[in-house]
Amino acid sequence: MATTAATLDQAIHHAHVDDRSFLRKYVFSTDHKIIGIQFLIMSLLFLALGGLLAMVMRWQLGFPGQAMPGGGVLPETMAPGGVLLPEFYISLVTMHGTFMVFFAIMPLLVGVFANFLIPLKIGAPDMAFPRINMASFWIAVPAGVLMVAGFFVEGGHAGAGWTAYAPLSAMPEMSGVSLGQQFWCVSLVILGLSSILGSMNYIATIINMRAPGMTWFRLPLSIWALFITSILVLLAIPILSGAAIMLLFDQTIGTHFFLPADGGQPLLWQHLFWFFGHPEVYILILPAMGFVSDIIANGSRKPIFGYHSMVFAIVGIGFLGWIVWGHHMFQSGMNPTLGMTFMISTLFIAVPSAIKTFNWLGTMWRGNLQFHVPMLHAIAFVAMFVIGGLSGVFMAATPVDIYIHDTYFIVAHIHYVLFGGSLFAIFGAITFWYPKMFGRLMSPFWGKVHFALTFVFYNLTFWPMHELGLKGHMRRIYDPSEYEFLQPLAPTNRFISIAAFLLFAVQLIFALNFVLSWFFGQKADRNPWKDTGLEWVPPSPAPHGNFDHTPTVYHMPYEFSHPHATEDYVPQNRPLEGQTRPAAAPAGQ
Amino acid sequence: MSDAKRHHPNYLAIWAWLFVLTLVELGVAFLTIFSKETLILILIGLAIWKALLVALYYMHLRFENNRVRIMAIAPLPLAVIMVIAVITEYVW
Amino acid sequence: MTHAHANVMLPPAEAEAGSGVYNEKLGMWVFLASEVMFFTALIGSYIILRFGNPSHWAAPGEILNVPVTAVNTFLLICSSVTMVKAFAAAQDGDQKWLKNWLLATTLIGATFVGVQVYEYLQLAHHGFLPGGYVEGSELAEAAAAGEAFKGGPPLPASVALYGATFFTMTGFHGFHVTMGVICMSFVTFKAFRGAYSVTDHRGVEVIGLYWHFVDLVWIILFTIVYLI
Amino acid sequence: MDWMLPPAFSTFAPDIDRIYYVILVLTAIAFVIVEAGLIWFVIKYRGRPDRKAYYTHGNATAEIVWTAVPAVTVVVLGIMSGPIWNKVKGRDSVPADAMPVGVRAQQFEWHVTYPGADGALGSADDFTVRNQLHVVVNRPTVVMLTAEDVIHSFFVPAFRLKQDAVPGMEIRVWFEPTQTGRFELACAELCGLGHYRMKAFVEVHTQEDYQRWLAEQTQAAATQ
Ligand code: HEA
Ligand code: HEA
Ligand code: CUA
Ligand SMILES: [Cu+2]
């Protein structure tokens, strides 16, 4: 034990005297909490940007060919006289997807909360490699700058979709885009490095730095989810980096990896991209599931239902995610026999997902539900993720996918899992851990208003997209009115657009609530939600070094409403009534 | 693990092995007695042998605990899955 | 379980089993797992593309300079043994040899990069680049005439894939060696400042892991790129 | 919002639509169970000062049930879908008597090559038409799908048929229309700024009409 004592003593000593310069403290900080907040601000800005792009898209889709209000400010190369150009539209789609996936949701889930929560929740003073952690943020910044800069270069920004299918993405003469696509590749390679360094940190920290008593099966589900997610990031991102580099070479130094000429293989890009891409989409949902589990248990004042099967479900989804990528390529000319195998593996992901869904329901069953804002978002997550998940089953069935592939049915699916899933969870998580970040609570009233309006307009926006898809409405088309069979859908499109504008508008409530609460929010005590996690042990906001002495963990997370307990929650660092088990229980190793 | 004057594996012997195996590879590669397929199998076999020597002795996997070993081999199945699946594209 | 002095080579949180190794070592192994996947993307694509178009590859040694790269392989193997020797020296607290071996490793590594640059220049000179043959180069001429270049079987009409995969794989390996050399010189520098003791020589072990991994990748590459 | 699929006019379309409706029902059930459960719990167990939540860590039987039921369901789904997939896209699914047509996709138009009188592609009397695919009702047609420049996707909503056209590959895909008339053919894979207007039409003729049309075309070709 001497070792532990020694290393931790240093940390604790550090916690008391915090004599770091402003720069060290807030800019080039190695404190995991500050880095988390830095990621938070960056990715929220990108979220807003991605949303803004979506609004411009929606204008064109709802009101094709009409001049966009205020569109005049856009340069001739994008929207002469406020009317979008087709090439600009596809750059918008591409960048909307890219920003949302790589620069908004992924950093929000992993960059922000993995950083902020892991050390706090496992009882560690900081990450295993604080300096690398800082690097991972400051590497992400230039990547973002580069990705934004792409809009302003000769030839416009990348326009091959966020999936950048070759050969279109590899042949400037075909897409008219040269520099933009190269910026896209380079930016993603840089961002990839940042993500890899990050996940390396998270994995090492979770494995090696758990406080005494924090055995594997005492980890909160959010940490389990972040752990599996980090493994997915660690192993999936390098594939994208490698593929992006090859794509870059095809564009710049005349190689032929993905070009049909001289034996190149266009489908190889798709295989590489989706071999990364599907794990990626689970990277975008697993942490959300983790946060939701924490929040639902807290909001129901009940232990999570079936903790162990929840863990195994996370692991199961993480593993299955590696062997289903072909389901994005059913119609791509891929070997149809592969199509069969990928269909089966894909369908099976419904099983662990079902386990999670019903365990959340089981957790709420006979609970004492507290409808605080995080809980509302968590419930919405379950409700919406199920819709997105179930629509995934349609596409997993290869025959149905023949028809709905690359239609708005997919777009609906995307947004039900990514917005209805990930983003609702993020709104919930931000509200839930906001006090620990800034020492103040976000306004519950405006939180509820934002939730209600978002929930309504969100569904008004994306639910009808299923119908568009079922009627055959293709994705990524600039002007639906081109096709006779799509003309009857024009009203639906217009309806969606208006709902989308309102959806965007009400996000301002969140933005304001977020910014203003920082300064004027009600001061929060250590444990405003009466939660059991270790992150609530230190004061809010948590000081540098987190804990003044290393907490000891006595039991599983989520010990709410324990029969013998006086309060309706028992923090993990407090023994249960009559509990005599030793701290570091060998059980569950 | 860190008390001074410990017994080390014979690193120089490993080095000699690697050297010899490389020579064998070079020799085999330019022989014409084998069919292309067997040649490839032999060469890959030799390469894996060398790789294992490096991983087990120079990277001490032989002396690490299982958790570290698992971490080291975890990605390999994924790599294999990917290559096998994509190669079937050509054989249908 | 109680050491006289806190031994930083052991995992920090003994309370929980963890990985059984200290953070830096664990982190490096995790990072290497990621590297494996990166090379999977490159090497995997090579295997797939070559499997699909065998005729686009020239016979071993026909274009590539195997003797030179054989020497390079030998160099890298040597650098691995010097590296591991340095680690052994560190474990025994033998400062003198720690420095010597580290210095040797750095120098051999740098030589490897140098030789590879030479190899690339030579190939470019003959007219072999990532895009395939260079018009009007010796190789292009020979290929057009359906002749051999070094007396082996005649050259394939197009080596675009060959060039692309070859330069990408060996190039990124070379890049990794370069990074390694930079870090290695840093470690060597610290060694000369006496930064590594019997109880704490994490830097040496961690850089060693990376170094051996890069060597391991080369072992694979040398076989499948140059000899097959 | 209506979840019905638009009318379909090919032989395998009904199979595809059936699977779709089966999934629609199954997922609808799952959907109702989950959402109804949520709403019910939200109302029934809403927080009360006097209420104390029921302390439990789970229930094995329940969990086994809701693991097994979906597992069985998806297996059934797989078993139902497999044959249909093979029928449409399977390796040797193309009917032997299918009429061959060459379709070459190019930014941003479809070049359709007809076998001419001899009914075989690659012969002298082949001729090519832009953005018109003429086929015979109740007779299988096999499309030899190629792409000139980038990836496109051959999409005929009314036939429930979609297949990417990949440069460097020739992909055979078939369909058998069950109804004469004119249907839209769309490009469903982003292929550049003109992707949204890369459209053509499929004209399904009776055998006679088709012969007549063929004759006109061959004459036109001859007179040039
Ligand atoms: C957070 C991200 C996320 C998540 C979690 C998922 C989850 C799933 N996705 Fe999705 N997917 C995307 C993001 C995501 N997807 C994106 C971004 C694309 C588009 C990419 C592009 O082309 O741009 C896509 C595309 C996509 C496709 C390709 C469609 C096409 O292009 O033709 C397919 C096909 O199989 C698919 C399937 C699935 C399945 C089966 C799941 C499953 O994991 C869902 C499992 C969950 C449930 C099934 C619900 C809960 C279960 C129950 C209530 C039990 C009862 C259920 C049954 C008995 C069935 N997805
Ligand atoms: C998480 C991912 C995510 C999110 C949140 C969204 C959000 C939205 N998306 Fe999109 N979308 C994708 C991921 C996402 N999308 C992807 C991957 C694609 C495929 C791209 C491709 O085909 O290549 C796609 C494609 C796509 C299309 C299809 C385009 C086409 O195929 O032609 C459409 C069309 O309507 C669309 C619309 C919208 C709309 C209206 C929103 C609205 O929900 C937007 C509402 C606004 C916000 C969510 C921003 C709110 C801002 C804040 C809360 C910030 C607060 C700020 C501070 C505190 C500083 N999206
Ligand atoms: Cu052709 Cu889209
Ligand atoms: Cu997927």
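Preceding this paragraph is the structure being described.
Within each chain, residue numbers correspond to sequence positions counted from 1 in written order. As they are written, the chains are lettered A onward and the ligands numbered 1 onward, keeping that order. Thresholds applied to this predicted model are a pLDDT of at least 70 for local features of residues and 80 or more for the giving and counting of side-chain atom pairs; totals over whole chains, interfaces and linings are not thresholded and use all residues. Note that the side-chain values use all heavy atoms of the structure and ignore hydrogens as well as water.

A. Highlighting the site of ligand 2. Residues and elements named next belong to chain A. Consider each residue's heavy atoms; a residue with any of them within 4 Å of a molecule or strand counts as near. Surveying the vicinity of ligand 2 reveals 38 residues, the closest of which are R58, Y89, H96, H415 and R476. Y89 is positioned with one of its side-chain polar atoms (N or O) 2.6 Å from an oxygen atom of ligand 2. Separating a nitrogen atom of ligand 2 from a side-chain N or O atom of H96 is a distance of 2.8 Å. Among the secondary structure elements, those contributing two or more residues to the shell around ligand 2 are α3 (32–62), α4 (86–122), α16 (408–438), α17 (444–470) and α18 (490–520). Per-class residue counts for the shell around ligand 2 are 29 nonpolar, six polar and three charged. Each polar contact in these results corresponds to two N or O atoms within 3.5 Å; when the atoms are within protein, one needs to be able to donate a hydrogen and the other to accept it, and residues that are neighboring in sequence are counted only if both atoms are side-chain atoms. Secondary structure elements are defined from DSSP: runs of H or I of at least 4 residues count as helices, runs of E of at least 2 residues count as strands, and each element is numbered from the N terminus. In this count, Pro and Cys sit with the nonpolar residues alongside Ala, Val, Leu, Ile, Met, Phe, Trp and Tyr, while Asp, Glu, Lys and Arg are called charged and the others, Gly among them, polar.

B. Just the pairing of strand β7 (residues 161–165) of chain D, in detail. For β7(D), the tally of buried residues reaches five of five residues, placing the bulk of the element in the interior. Relative accessible area decides the class of each residue, using a 1.4 Å probe on protein chains only: under 20% of the type maximum gives buried, over 50% gives exposed, and in between gives partly exposed. Along β7(D), one buried face is formed by D:L161, D:Q163 and D:A165 and the opposite face, lined by D:K162 and D:D164, is buried too.

C. Highlighting the coordination of the iron atom of ligand 1. Residues and elements named next belong to chain A. Shown as donors are all N, O and S atoms within 2.8 Å of a metal ion, widened to 3.2 Å for Na, K and Ca; because water is not in the atom set, sites may appear incomplete. The protein gives the iron atom of ligand 1 a lone donor atom, H413 (NE2), placed 2.2 Å from the metal. The metal-metal distance between the iron atom of ligand 1 and the copper ion (ligand 4) is 4.4 Å. For H413, the position within the fold is in helix α16.

D. Structural view of helix α12 (residues 336–348) of chain A. Taking 1.5 Å of rise per residue, 13 residues should cover 18 Å, and α12(A) covers 19 Å from first to last C-alpha, within 8% of that figure. All of the buried residues along α12(A) are A:P336, A:L338, A:G339, A:F342, A:M343, A:S345, A:T346 and A:L347. Only heavy atoms matter for contacts: two residues are in contact if any of them lie within 4.5 Å across the pair. On the buried face of α12(A), the contacting elements are α13 (350–364), α14 (373–396) and α15 (398–404) of chain A, α4 (75–87) of chain B together with α2 (60–89) of chain D. Multiply 1.5 Å by the residue count of a helix minus one, and that product is the helix's expected span.

E. Molecular detail of the packing of aromatic side chains. Between the rings of Phe, Tyr and Trp (Trp by its six-membered ring), a pair exists once the centres lie within 6.5 Å; its type follows the angle of the planes, with under 30 degrees stacked, over 60 edge-to-face, and the other angles tilted. The full count for this structure, using the stated rule, is 103 aromatic pairs over all chains. An angle of 90 degrees between the planes, with centres 5.6 Å apart, marks the rings of A:W360 and A:F381 as edge-to-face. Of this pair, A:W360 sits in helix α13 while A:F381 sits in helix α14; the two residues are 21 residues apart in sequence, bridging distant segments of the chain. For the pair A:W360 and A:F381, a shared accessibility class is recorded, and that class is buried. Ring centres of A:F432 and A:W433 lie 4.9 Å apart, and the angle between their planes is 90 degrees; this geometry places the pair in the edge-to-face category. Like A:F432, the residue A:W433 is buried in the burial classification. Counting every residue linked through ring pairs, the aromatic cluster contains C:Y46, C:W57, C:F112, C:Y120, C:F128, C:Y162, C:F166, C:F167, C:W218, C:F222 and C:Y226. Geometrically, a charge over a ring is one whose NZ (Lys) or CZ (Arg) sits within 6 Å of the ring centre while staying within 35 degrees of the ring normal. The ring of A:W365 is capped by A:R366, whose NZ or CZ atom sits 5.6 Å from the centre of that ring. The cationic tip of D:K199 hangs over the ring face of A:Y483; the distance from NZ or CZ to the ring centre is 5.9 Å.

F. Quick peek at the site of ligand 1. Taken together, 32 residues lie around ligand 1, and A:Y282, A:D401, A:H405, A:H413 and A:R475 are the ones closest in. In this structure, ligand 1 is bordered by residues of chains A and D. Taking A:Y282, its side chain carries an N or O atom lying 2.7 Å from an oxygen atom of ligand 1. Taking A:H413, its side chain carries an N or O atom lying 3.0 Å from a nitrogen atom of ligand 1. Listing elements by their share of the shell around ligand 1, those giving two or more residues are α9 (266–283), α13, α14 and α16 of chain A together with α2 of chain D. Among the elements that take part in the shell around ligand 1, α14(A) stands out by supplying seven residues, more than any other. Residue classes in the shell around ligand 1 are distributed as 20 nonpolar, ten polar and two charged.

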